[in-house]
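Below are the chains, spelled out letter by letter.
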Amino acid sequence: MLIRVYDSLVQKHQAGQKMLAVLIDPDHVENLEESVRRCNASGVDLIFLGGSLITSGSIDETIRQIKSLTDIPVLLFPGDELQISSEADALLLLSLISGRNADLLIGKHVIAAPYLKKSGLELIATGYMLIDGGKITTASYISGSVPIPADKPEIAMCTALAGEMLGLKLMYMDAGSGAANPVSEAMIQAVRKAVDTPIVVGGGIRSTAQAVAAWNAGADIVVVGNAIEDDNSLISDLMNTLQALQSI
Ligand code: 1GP
């Protein structure tokens with residue numbers, strides 16, 4: 001029987017098994033084939049696909065290419081309602097709960113809902129929290145929302161708690177792509193203590209030490225995007241580190 005993506009995330013979360021997701025932004029990937037081959041060779045758990053702003057490339061075609069090279073589940077991480085494709089395995093249905101922009105809390109969802117229904121995609125209702133990562137990122141600029149201050153773990157904690165109470169199934173703490181500073185361990189720990197959902201952490205993670213800090217603080221899934229373009233061995237270093245961490 002086919003295990004749905006979310007069920008497999010919950011199983012791993014409950015077993016304390018950590019995961020690595022590689023973010024592929026169709027606008028910023030230099031060599032898609034090579035990036036996917038590296039994910040495959042290292043046993044990456046998930047591929048996230050999307051971006052705050054896509055100016056070139058087709059989501060459908062990019063997913064088809066990825067799928068021709070690997071069986072790793074592809075999850076849409078949409079920057080807007082145009083980034084929907086039934087070629088993906090699942091879609092993170094993001095509600096920007098750190099912001100107060102009604103469109104990104106519910107408005108875009110209303111417009112997308114009939115298309116999502118028709119697509120047959122597995123939908124994972126996700127509480128998306130932008131956290132201040134030391135510079136203005138595309139995500140905070142495009143969303144027109146103020147990120148949660150990095151030194152206020154209690155705001156992130158209460159936001160995640162409210163999101164879980166509203167029925168969201170996954171919490172995503174994002175310092176934004178290319179952030180100067182990743183989400184702090186204190187903030188991840190505060191959210192981890194507050195909610196039972198799996199937690200995703202990304203934005204500005206450029207080293208195995210930063211990924212380990214996030215996993216140890218309570219992240220189930222660490223997301224790395226930009227840094228894999230600059231460092232060819234980062235994916236395998238991260239997966240080797242993750243395997244060593246799991247065997248302790
Ligand atoms: C951003 O979490 C992702 O939404 C990944 O960020 O590109 O900085 O790794 P980076």
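Note that this is a predicted model, so its numbers are computed, not measured.

### Structural notes on the pattern of salt bridges
Per the stated rule, a full pass over the model turns up 9 salt bridges. In this structure, Glu61 and Arg64 form a salt bridge, with 3.4 Å as the shortest nitrogen-oxygen distance. Residue Glu61 and its partner Arg64 are both found in helix α3 (residues 59-69); the two are separated by 3 residues, about one turn of the helix. Across the salt bridge formed by Lys108 and Glu81, the nearest N and O atoms sit 3.4 Å from each other. You can see Lys108 sitting in helix α4 (residues 102-119) and its partner Glu81 sitting in the loop between β3 (74-76) and β4 (90-96), a full 27 residues away along the chain. Of the residues examined, Glu81 reaches a relative accessible area of 26% and is grouped as partly exposed.

### Describing the packing of aromatic side chains
The full count for this structure, using the stated rule, is 5 aromatic pairs. With 4.9 Å between their ring centres and 15 degrees between their planes, Phe77 and Tyr172 make a pair best called stacked. Linking Phe77 in the loop between β3 and β4 with Tyr172 in strand β6 (residues 170-174), this pair joins segments that are 95 residues apart in sequence. By the ring-pair criterion, three or more aromatic residues cluster together here, those being Phe48, Phe77, Tyr128 and Tyr172.

### Focus on the environment of Leu161
Position of Leu161 among the secondary structure elements: in helix α6 (residues 153-165). A relative accessible area of 27% places Leu161 in the partly exposed class. Through-space distance from the C-alpha of Leu161 to that of Val195 is 6.0 Å; in sequence the pair is 34 residues apart.

### Things to note about the packing of helix α7 (residues 185-194) against helix α8 (residues 208-217)
Interhelical geometry of α7 versus α8 gives an angle of 25 degrees and a closest axis separation of 8 Å. Considering the angle they form, α7 stands roughly parallel to α8. Note that α7 runs across α8; the crossing there is right-handed. Along its contact with α7, which presents Glu185, Ile188, Gln189 and Arg192, the element α8 presents Ala213, Ala214 and Ala217. Taken together, the residues of the contact of α7 with α8 break down into 4 nonpolar, 1 polar and 2 charged.

The rules behind the values
- Residues numbered from 1 in each chain as written.
- Predicted model: local features only at pLDDT ≥ 70, side-chain atom pairs only at ≥ 80, totals over all residues.
- Heavy atoms only, no water.
- Salt bridge = Lys/Arg side-chain N within 4 Å of Asp/Glu carboxyl O.
- Helix = DSSP H or I, 4+ residues; strand = E, 2+ residues; numbered from the N terminus.
- Buried < 20%, exposed > 50% of the residue type's maximum accessible area, 1.4 Å probe, protein only.
- Phe/Tyr/Trp six-rings, centres within 6.5 Å; stacked < 30°, edge-to-face > 60°.
- Axes fitted to C-alpha atoms, helices over the stretch in contact; angles between N-to-C directions.
- Parallel < 35°, antiparallel > 145°, perpendicular 65-115°, else oblique.
- Left-handed = near helix turned anticlockwise from the far one by under 90°.
- Contact = heavy atoms within 4.5 Å.
- Nonpolar A, V, L, I, M, F, W, Y, C, P; charged D, E, K, R; others polar.

Everything listed is a geometric property; what it means functionally is a separate question.
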